[in-house]
Amino acid sequence: MEDDAGERSSFVIGLIENRAKEVGVAAFDLRSASLHLSQYIETSSSYQNTKTLLQFYEPMVIIVSPNKLAADGMVGVSQLVDRVCSSIRKVIMARGCFDDTRGAVLVKGLAAKEPSALGLDSYYKQYYLCLAAAAATIKWIEAEKGVIITNHSLLVTFNGSFDHMNIDSTSVQNLEIIEPIHSSLLGTNNKKRSLFHMLKTTRTIGGTRLLRANILQPLKDIETINTRLDCLDELMSNEQLFFGLSQALRKFPKETDRVLCHFCFKPKGVTNEVLASDNGRRSQIMISSIILLKTALDALPLLSKVLKEAKSCLLGNVHKTICENEKYTSIRKRIGEVIDEDVLHTRVPFVARTQQCFAVKAGADGLLDMARRSFCDTSEAIHNLANKYRQDFKLPNLKIPFNNRQGFYFSIPQKDTQGKLPSKFIQVVKHGNNVHCSSLELASLNVRNKSAAKECWLRTALCLEALMDAIREDVSVLTVLSEVLCLLDMMVNSFAHTISTKPVDRYTRARFTSDGPLAIDSGRHPILESIHNDFIPNGIFLSEASNMAIVMGPNMSGKSTYLQQVCLMVILAQIGCYIPARFATLRVVDRIFTRMGTMDSLESNSSTFMTEMKETAFIMQNISHRSLIVMDELGRATSSSDGSAIAWSCCEHLLALKGYSIFATHMENLSGLATMYPNVKILHFDVDVRNHRMDFKFQLKDGSRHVPHYGLMLAGVAGLPSSVVETAKRITSRITEKEMKRMEVNCRQYEDVQLIYRVAQRLMCLKYSDQDEDSLRDALQNLKESYIGGRF
């Protein structure tokens, strides 16, 4: 396998669909040697679920079949890839490559876990599409990369994206989860970050990728969430454990997770001829992988020592699974029999190359020993040449650096050259305050040195083949080690580190219930609070008896920030992290839907209103009783009467469901919903009006507060003529008077229903409270007296 550098994508995705709107997805991660299978019914003609998965995986290659098999009204996945992933390489494979029977056989043979654990026998016929996609994906990878995947080496997951909270691609953008909408804020030097950038203090690329995956697809399983939170509790209360784990994780190379793929993929027909034609690249990667694995295994004893006294379930399982597993000791012993003990993993190019040449113990191969002597002789000759030039040309500061592209070259400060170099120096290039150059003698020695190094790699690779095969027998334990290190990196270096850098008690652990309320006291925006030191906290309370909050207030009063804040806190809680609040109890959310912002979509030839309606339609078609729906200013992009009617109708539709909804609006007539529906709560952001100026408090309060003519105030500030503003005031006063009369009639009509609902809401809150029996009796008695006395 080739070495994938940096954080660029390493996913290859196979996509296939049928005429029943079903889509099968197989996502193969070349970096961590894992296969993720998903199959689902596409619920929208715009392929919103598929686009969400594509955004989640960020593939480098997408494999599709040549013919279109889309349902009526659907564009087909091949055309979808052309439209939304035009910059990603698209591969078209014959329909026969998408063979579900072969896919099932391959997945059974390659999965690191027992096949029965995957349930392949039970879902083989039902979920045939994703297995067909897996067959095509694996076939392409083995052909393109020239490898054979080792049996029982892959981590295989099924339907992973829907075992987690689903956040569609539009909501990812609206909530600024991965990238901020605006990178800088007006009037401040601070850069606005996304939630991902805020938490991105991980040390390994694998940890960073796991963090991104968790933020895009938070957990839904309460037990798993609480296991992470228990671990975080211990890390925050045990300073010695926290810093000990931080130091232990530093001992592991940053590329530890990437090493695994070099043991999971075996080159086809590895012979002298194949290796010789590979220019040593494959050999170099194999040697680096073994050295890196050796370094990682050497770091395990320190990790074991730190985790020995850990009490949380997660850390205890890590110690039992990793630190007490004899297979790691066995692998380390095998490596020690072949690899020299002094060899360590390093990033410095020449040091890394030298260590790779001398990785295998002396005496293992006669030709290897000869190649090493040649490598040492040419390296020594290059340094002697540099000393000679220093003396002959009076260049005491001449240096001889090395990089993998050029080999050795000379670096001379410009002040020493006096604007001219002797004719012996060639390929002269200015580089900052230095001059980089070479000479014919150095070029000749570079060729000989490179040739000797290449011969060392080839001979070393042949010596290491048996060792690689022995390690491949236990490749599944390396998969577990890679997963554990990525998880610890995220928990310690991201979650615990982020919380520890905040003032004490600023972040709290959320409690989870199966059907309880969404209650957050004094919550803060996790991103903006680091930019604004005086950020005003606000809470939220939603339950089945009060499942919709309508938030009102003037422009710039904080409505959009508040909506984003609630969603980000829910995401933080469900990835197993503390949240910025005084107290929180949450019902697990299965999907987050947002309708925020307004802009035309020129690509799809949609106006602002059409874009708004498409997003709203997707929400209405996919909402469930455990969803969190956040809608900002629905209906403002069309006529006031139509917009108000659509907003009212959507609210009524959402009220009939058990999902929790937060609706921000300027339409004051929507406050009339509270007079008709007792499960609607009206909130407003406090504003003081003094001398025709608005003083924003950014404080959320119960009930509706009519701030007269706030739109007209802003219009006056913007320079609208005073005569126009005065006329507008008279018109809006008449409209408001009629609306208030209608609301008074509704209040009297639905007063009894409102009273019963408020009692029911109190009873539900008491149901999920953790008070003792006497306190509950007192609360119920007070509730009874209040109801009889009419004090609600």
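Calculation rules
- Residues numbered from 1 in each chain as written.
- Predicted model: local features only at pLDDT ≥ 70, side-chain atom pairs only at ≥ 80, totals over all residues.
- Heavy atoms only, no water.
- UniProt positions renumbered as here; feature names shortened; annotations may be inferred.
- Helix = DSSP H or I, 4+ residues; strand = E, 2+ residues; numbered from the N terminus.
- Buried < 20%, exposed > 50% of the residue type's maximum accessible area, 1.4 Å probe, protein only.
- Contact = heavy atoms within 4.5 Å.
- Areas by Shrake-Rupley, 256 points an atom, 1.4 Å probe, with all protein chains shown as cover.
- Pairing = 2+ DSSP bridges.
- Axes fitted to C-alpha atoms, helices over the stretch in contact; angles between N-to-C directions.
- Salt bridge = Lys/Arg side-chain N within 4 Å of Asp/Glu carboxyl O.
- Expected span 1.5 Å × (residues − 1).
- Parallel < 35°, antiparallel > 145°, perpendicular 65-115°, else oblique.
- Nonpolar A, V, L, I, M, F, W, Y, C, P; charged D, E, K, R; others polar.
- Disulfide = S-S within 2.5 Å.
- Patch = residues over 30% accessible without salt bridge, like charges linked within 9 Å, V, L, I, M, F, W, Y side chains within 5 Å.
- pLDDT = per-residue confidence, 0-100.
- Phe/Tyr/Trp six-rings, centres within 6.5 Å; stacked < 30°, edge-to-face > 60°.
- Lys NZ or Arg CZ within 6 Å of the ring centre and 35° of its normal.
- Core = buried A, V, L, I, M, F, W, Y, C linked by side-chain atoms within 4.5 Å.
- Left-handed = near helix turned anticlockwise from the far one by under 90°.

- The protein is annotated in an unreviewed UniProt entry as DNA mismatch repair protein MSH4 of Anisodus acutangulus.
- If you open the UniProt record of the protein and go to Sequence similarities (unreviewed entry), you find "Belongs to the DNA mismatch repair MutS family."

### Digging into the overall build of the protein
Now for step 1: Across its full length, the protein carries 30 helices and 24 strands.
Now for step 2: Going through the 792 residues of the protein one by one, you find that 52% of them count as buried.
Now for step 3: Within the protein, residue pairs in contact and separated by at least 24 positions form 73% of the contacts whose partners lie at least 6 positions apart.
Now for step 4: Accessible area for the protein stands at about 36,800 Å²; split by element, carbon and sulfur atoms hold 51% of it.

### Concerning the sheet that holds strand β1 (residues 11–17)
Now for step 1: Strand order across the open sheet formed by 6 strands is β5-β4-β1-β2-β3-β7, with mixed pairing between neighbours. Each edge of the sheet is formed by a strand with only one pairing partner; in this case those strands are β5 (89–92) and β7 (155–158). Taking the axes of each pair of neighbouring strands and ignoring which way they run, one obtains an average angle of 15° across the sheet.
Now for step 2: Pairing analysis gives 4 bridges linking strand β3 (residues 34–41) to β7, with the strands arranged parallel. Looking across to β7, one finds that L35 is bridged to V156.

### Describing the pattern of salt bridges
Two side chains carrying opposite charge are able to pair once their charged atoms lie near each other.
Now for step 1: Inspection of the entire model under this criterion finds 22 salt bridges.
Now for step 2: Across the pair R626 and D515 runs a salt bridge whose closest N-O atoms are separated by 3.2 Å. One end of the pair, R626, is in the loop between α24 (608–622) and β21 (628–632); the other, D515, is in the loop between β15 (511–513) and β16 (518–523), and 111 residues separate them in sequence.
Now for step 3: The network of salt bridges with shared partners includes K294, D298, R332 and E341.

### Remarks on the environment of V107
Now for step 1: For V107, the location among the structural elements is in helix α3 (residues 100–110).
Now for step 2: Since its relative accessible area comes to 1%, V107 is described here as buried.
Now for step 3: Here the alpha-carbon distance between V107 and A134, two residues 27 residues apart in the chain, equals 7.8 Å.

### Notes on the sheet that holds strand β13 (residues 425–431)
Now for step 1: With antiparallel pairing, the 3 strands of this open sheet are ordered in space as β12-β14-β13. With one partner strand each, in any of the chains shown, β12 (410–413) and β13 form the two edges of the open sheet. For this sheet, the mean angle separating the axes of adjacent strands, direction not counted, is 30°.
Now for step 2: Bridging between β12 and strand β14 (residues 434–439) involves 4 bridges; their strand directions are antiparallel. Residue pairing for β14: P413 is matched across the bridge by N434.
Now for step 3: Packed on one face of the sheet, helix α19 (residues 366–392) meets β12, β13 and β14 and runs near 25° to β12.
Now for step 4: Against the sheet, helix α21 (residues 440–472) touches β12, β13 and β14, its axis set at about 70° to β14.

### Considering helix α23 (residues 559–574)
Now for step 1: In this model α23 runs 23 Å from its N-terminal to its C-terminal C-alpha over 16 residues, within 8% of the 22 Å that 1.5 Å per residue would give.
Now for step 2: The element α23 is extensively covered by neighbouring structure, given that 14 of its 16 residues are classed as buried.
Now for step 3: Phi for G576, located one or two positions after α23, is positive at around 90°.

### Structural notes on the pairing of strand β23 (residues 680–690)
Now for step 1: In terms of burial, β23 is a largely internal element, 8 of the 11 residues being buried.
Now for step 2: Alignment of strand β18 (residues 548–552) against β23, held across 5 bridges, turns out to be parallel. Looking at the pairing, A549 lines up with K681 of β23.

### A word on unusual backbone geometry
Now for step 1: Here H152, not a glycine, exhibits a phi torsion of approximately 55°, which is positive.
Now for step 2: Positionally, H152 belongs in the loop between β6 (147–149) and β7.
Now for step 3: Phi at E633 is positive, roughly 60°, even though this residue is not glycine.
Now for step 4: Looking at E633, the relative accessible area reads 5%, which means it is buried.

### Here's the deal with the packing of α3 against helix α6 (residues 128–145)
Now for step 1: Closest axis-to-axis distance for the α3/α6 pair is 7 Å, and the angle between their directions is 75°. Viewed along their axes, α3 and α6 adopt a mutual orientation that is roughly perpendicular. For the pair α3 and α6, contact is made by D100, R102, G103, A104, L106, V107 and L110 and by Y128, L131, A132, A134, A135 and I138, respectively.
Now for step 2: For the contact of α3 with α6, the per-class residue count stands at 10 nonpolar, 1 polar and 2 charged.

### So, the state of the cysteines
Now for step 1: What the rule picks out here adds up to 0 disulfides.
Now for step 2: With no disulfide of its own, C313 lies 9.9 Å from the sulfur of C231, the closest cysteine sulfur.
Now for step 3: The partly exposed category is assigned to C313, whose relative accessible area is 48%.

### With respect to a nonpolar patch on the surface
Now for step 1: Together, I756, Y787 and I788 line one region of the surface with nonpolar side chains, adding up to about 330 Å² of accessible area.
Now for step 2: Structurally, I756 is set in helix α29 (residues 751–767).

### As for the confidence of the model for the protein
Now for step 1: Mean pLDDT for the protein: 83, with 87% of residues reaching 70 or above.
Now for step 2: Note on residues 1–6: pLDDT is under 50 here. Beyond four places in sequence and across chains, it has 22 contacts.
Now for step 3: A low-confidence stretch, residues 270–277 stays under pLDDT 50, and its non-local contacts, those more than four residues away or across chains, total 11 contacts.

### Observations concerning the packing of aromatic side chains
The geometry of two aromatic rings is summed up by the distance between their centres and the angle between their planes.
Now for step 1: Inspection of the entire model under this criterion finds 13 aromatic pairs.
Now for step 2: Ring pairs connect the aromatic residues Y389, F393, F410 and F425, which therefore count as one cluster.
Now for step 3: Above the plane of the ring of Y660 lies R587, whose end atom (NZ or CZ) is 3.9 Å from the centre.

### Side note on the side chain of S246
Now for step 1: Inspection of the secondary structure assignment puts S246 in helix α11 (residues 239–250).
Now for step 2: The buried category is assigned to S246, whose relative accessible area is 11%.
Now for step 3: Not counting residues up to four positions away in its chain, the partners in contact with S246 are V492 and N493.

### Section: the environment of E633
Now for step 1: Within the secondary structure, E633 sits in the loop between β21 and α25 (640–655).
Now for step 2: Those residues within four positions of E633 in sequence are excluded, and the remaining contacts are K559, R595, E612, A664, T665 and H666.

### So, the nonpolar core
Now for step 1: Among the nonpolar cores identified, the biggest contains 173 residues, and L15, L37, I177 and L518 are the most heavily contacted of them.
Now for step 2: Ranked by residues supplied to this core, first place goes to helix α22 (residues 475–500) with 13 residues.
Now for step 3: Counting residues in hydrophobic clusters, the runner-up holds 25 residues, among them I550, M631, A647 and A674.

### Quick look at the packing of helix α10 (residues 222–237) against α22
Now for step 1: The contact between α10 and α22 brings their axes to 10 Å, and the two run at 55°. With respect to their mutual orientation, α10 and α22 come out oblique. In this structure, the crossing between α10 and α22 has a hand that is right-handed. Contact residues: α10 offers R228, C231, L232, L235 and M236, while α22 offers L487, M490, M491, V492, F495, A496, I499 and S500.
Now for step 2: Residues that form the contact of α10 with α22 fall into these classes: 11 nonpolar, 1 polar and 1 charged.

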